[in-house]
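Observations on chain architecture
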Amino acid sequence: MSVVGEWLDIGPVDQLPALGARTLPVRGGEEIAIFHTANGEVYALVNKCPHKQGPLSQGIVHDTTVTCPLHSWRISLITGKALGDDEGCVPVIPVKIDGGRILIGRAEALASVA
Amino acid sequence: MNNKPHLIVIGNGMAGCRAVEEILERDADKFRITIFGAEPRVNYNRIMLSPLLAGEKSFDDIVINAQAWYDDNGITLVSGDQVVAIDRKIQTVTARSGRVESYDKLLLATGSDPFIIPVPGHDMQGVVTFRDMDDVGAMLRAADGGGDAVVIGGGLLGLEAAHGLSLRGMKVTVIHLMPTLMERQLDEAAGWLLKEALEGRGQTILTGADTAEIYGQGMVEGIRLKDGREIPASLVVMAVGIRPNVKLARETGLAIGRGIHVDDHLVTSDANILAVGECVEHQGQIYGLVAPIWEMCRSLADGLIAQPNGYTGSVTSTKLKVSGIDVFSAGDFSGGEGCEDIVMRDATRGVYKRVIVKEDRVIGAVLYGDTGDGNWYFDLLKKQQDITEIRDALIFGQAFASGGGASANPLDAVAALSDDAEICGCNGVSKGQVMGCIAGGAHSLDAVRSGCKASASCGSCTGLVENLLALAMGDEYAGERDNKPMCKCTSFTHEDVRRNIIEKELKEIPEVMQALHWTTPDGCASCRPALNYYLLCAWPGEFADDNQSRFVNERMHANIQKDGTYSVVPRMWGGVTNPRELRAIADVAEKYEARMVKVTGGQRLDIFGIKKEDLPAVWADLNAAGMVSGHAYAKALRTVKTCVGSEWCRFGTQDSTGLGIKTEQMTWGSWMPHKFKIAVSGCPRNCAEATIKDFGIICVDSGYELSVGGNGGIHLRGTDALCKVETEQEALDYCAAFIQLYREEARYLDRTAPWVERVGMDYIKSRIVDDTEGREALRQRFLYSQSFMQDDPWAKRADGEDYKLHQHLAEIRPLVTA
């Protein structure tokens, strides 16, 4: 992992399973889930459902939504908000792809570190 | 005439020459112009290299500006002599030959370079890019000898190269890193259709394939993928992408990012130097398509000559130039907040259309098979036109949307159809015939289906027929379908979907979605697991399980718990274990700090609190002691519960433990619509609780009493008697047949209890008890399916399969600040 200004390089995109997610523990902070959509886009959320803290990284990804594996809340990968009738929000970490590498916002990734 | 300021253009490509044309059009006398080109030829249309390769065009056809154009406009063309240095202080350029020219204005149009993946062997003879006439020449020479070619890159350029080589008689394999083709332009559904079409033309398409090396002795002999597969080839084309050529700009100290930085008038950080085309970066964007580059050229000429109209960036659209395959994409199709997808699929014509709408404006479109309206959608997108009025008809295209017939009310829409408009494509039934049938007394969907056959086949026009019923009958028609669609993505019921999978031989999830007109691009969390199961059940041994369509427990082969850790249950055949297994379980519990070990209701041991990362190691340890997955997480055979039976019990009538073990060995590993439990009790005292299982066996002196459809759980239900048989083998045979009937006919997520209640015990008995041949056929299909299912998923994972699911991508360790 390397630091490029305000962005953290966390590895190549091809390490993400298609329509799946991988995890990124933050020492002293909240684990982050990195999602890969069918279109090859990458999103990052804190890996905790706003409902009962389920690991969103283990949910089914469809379109730009992940369905939490514990109680099937649907969470937008773009806004982190619960969709449908449920209410709640999980922090979003900005992502950009540069030359096949995944970069995530440093400040947001470390926001949960005390 | 020599007093005119001197404009030097570096780059005799499409952007450079187009910019010159735009300048000449505005003021032909303003500049004395010199163009330097690296290639020893006049300006040609690089986009047409694909048709050139395919043999559809000749070089003369693709020349944009012949020598006469340079002569007529007094342009000096210096071809085949590359500019190697710029001196900004004294405003000169130096070419490789040593030629020095001074400039007043300098235009960089250096284009882009193909990106070469630096794998071992990338510089070997026989590895080419697809960028200029020399590349095409090399490819044509290679194609002359026939043989095998590999194209690395399944994007626009790579597919066009593959198409050309294929037409030239080579056997082509396309290697693409991402799971679907052209993923930057197409969504999963369209990418899949494209893959099918190209495979239909004899190309081999490998997606999700990562190149490890190119091998050969001086000459290319083939490539090796990271998964070890080898593909022989005498030609390897790298078409993985391009990057702006900024070498000169960098050496001369201009501001660059990914490309050469330019302002809205394409001026670089030096006021006398401009840049245009693929080499520039404008507001963080770089462009590789021709339309935005034309727009840049206009803004550049405006800025140099006339009133300034700045370049504001471009929205781009793409078409694939592979003859006979129509693909179009424009704008943003990634979906997301506030975006709505309007999807239309026409399976018979091979059409997929998806328009993405946000705040009543079109923001993107993906079209496959019928791209006629591509430009119309692109126009709506560029003009940001409000589409509220035409929304309902939008997906049907311009002719329909602007020609009337469009209406917010679906009843008005069907009312507006003419009497000869076709409602049911399968059976060729017109609106007039349906209305006649309703008028003749058919007042329900079923009556219409049996009366005139409309919607009686594939069922995709069911909605239209219902609208016609409502139109004809008014309030008297209240709708009737008690059999609900599978989910919001489709109007088909579970039964319709399963029937179509078999009849149309649909064998992949995107294929089902296309054939059955799914209204979402890639389904949802309810239909994807269901489709995965239906395909798995219909095509054992053929369908490749889609791991990402499975619920977490089935994907991880363990049960997720509320804290995100997992529990692991190894199989204990018939509930019997031994010291070796118990020791292994105890060791695992200690080694991986399991917080609890619990005896389950299904007579086995559950190890709680295992971390996702530790699962493969836990499985390896359990495998080593001879244990396999208990599938305690799966919609599959869970346990066969037994009592000790005649071997120990003074009341036992038969060997219930032995029969339980045989039953479990026959049935383990089979995926089902929901979890499935079996029990064998050795006497009517029923210590194994066989009467609340999906399949229960109670041993009696004279044989075995079989019963089905029971469960514990929220709605406690005792089993219904099926029949009594005399031998163990018969008990096993009936069990296999019943499971297969359940697998083939129940809806996904139906336990046996609601299914048995819905279809009735008479039906079950008619299939399992009365129909001897049918029972045997069911049993055979079950055993055939089992021949593919019975391998331990844990062993594969312990061997490293899907390791990405278990390991963290990386870890962040923030520096502690004082």
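The model shown is predicted, which means the values in this text are computed figures rather than measured ones.

Criteria and cut-off values
Residues numbered from 1 in each chain as written. Chains lettered and ligands numbered in written order. Predicted model: local features only at pLDDT ≥ 70, side-chain atom pairs only at ≥ 80, totals over all residues. Heavy atoms only, no water. Pairing = 2+ DSSP bridges. Helix = DSSP H or I, 4+ residues; strand = E, 2+ residues; numbered from the N terminus. Axes fitted to C-alpha atoms, helices over the stretch in contact; angles between N-to-C directions. Parallel < 35°, antiparallel > 145°, perpendicular 65-115°, else oblique. Left-handed = near helix turned anticlockwise from the far one by under 90°. Contact = heavy atoms within 4.5 Å. Buried area = accessible area lost by both parts, 1.4 Å probe. Salt bridge = Lys/Arg side-chain N within 4 Å of Asp/Glu carboxyl O. Polar contact = N/O pair within 3.5 Å; in protein donor to acceptor, adjacent residues only side chain to side chain. Nonpolar A, V, L, I, M, F, W, Y, C, P; charged D, E, K, R; others polar. pLDDT = per-residue confidence, 0-100. Buried < 20%, exposed > 50% of the residue type's maximum accessible area, 1.4 Å probe, protein only. Right-handed = clockwise from strand over helix to strand, strands pointing away.

**Description of the sheet that holds strand β15 (residues 211–215) of chain B**
All names here are of chain B. Spatial ordering of the open sheet is given by β15-β16-β17, a layout of three strands whose pairing is antiparallel. On the outer flanks of this sheet lie β15 and β17 (230–232), each paired with one strand and no other. Between one strand axis and the next, the sheet turns through 20° on average, direction left out of account. As paired strands, strand β16 (residues 222–225) and β17 are joined by three bridges and run antiparallel to one another. In the sheet register, Arg224 faces β17, and the bridge partner there is Glu230.

**Description of the environment of His163 of chain B**
Structurally, the position occupied by His163 of chain B is in helix α6 (residues 156–167). Placed 35 residues apart in sequence, His163 of chain B and Leu198 of chain B show a C-alpha to C-alpha distance of 8.4 Å.

**Considerations on the packing of helix α1 (residues 14–26) of chain B against helix α9 (residues 290–304) of chain B**
Residue and element names in this part refer to chain B. One way to put it is that α1 packs onto α9 with a least axis distance of 8 Å and a crossing angle of 40°. Compared by their axis directions, α1 and α9 come out oblique. In this structure, the crossing between α1 and α9 has a hand that is right-handed. Residues Met14, Ala15, Arg18, Ala19, Glu22, Ile23 and Arg26 of α1 pack against Val290, Ile293, Trp294, Cys297, Arg298, Leu300, Ala301, Asp302 and Leu304 of α9.

**Observations concerning the interface of chain A and chain B**
At the junction of the two partners, chain A supplies 45 residues and chain B supplies 44 residues. Contact between chain A and chain B buries roughly 3700 Å² in total, counting both sides, with carbon and sulfur atoms accounting for 58%. Along the contact surface separating chain A from chain B lie one salt bridge. For the pair chain A and chain B, the interface holds 10 residue pairs in polar contact (both at pLDDT 80 or more). Put simply, the parts of the chain that give the side of chain A that touches chain B at least two residues each are β2 (7–12), β3 (21–24), β4 (32–36), β6 (60–62) and β11 (101–105) of chain A. For the side of chain A that touches chain B, the class distribution of residues is 25 nonpolar, 13 polar and seven charged.

**What to know about the pattern of salt bridges**
All names here are of chain B. Counted under the stated rule, the structure contains 42 salt bridges over all chains. Glu22 is the partner of Arg26 in a salt bridge, and the nearest nitrogen-oxygen pair spans 2.8 Å. Placement of the pair is Arg26 and Glu22 together in helix α1, with a separation of four residues, close to one helical turn. Measuring nitrogen to oxygen at the nearest pair gives 3.3 Å for the salt bridge that ties Glu251 to Lys247.

**Remarks on the confidence of the model for chain B**
The predicted model of chain B averages 87 in pLDDT, with 94% of residues at 70 or higher. Predicted complex, confidence summary: ipTM 0.82, pTM 0.66.

**Focus: the pairing of strand β12 (residues 148–152) of chain B**
Residue and element names in this part refer to chain B. Most of β12 is tucked away: four of the five residues are buried. Looking at chain direction, β12 and strand β13 (residues 171–176) are connected through five bridges and run parallel. Bridge assignment links Val150 to a residue of β13, and that residue is Thr173. Taken together, β12, α6 and β13 form a β-α-β motif whose crossover is right-handed. Bridge count between β12 and strand β18 (residues 235–238): four bridges; the pairing is parallel. Note that in β18 the partner of Ala149 across the bridge is Leu235.

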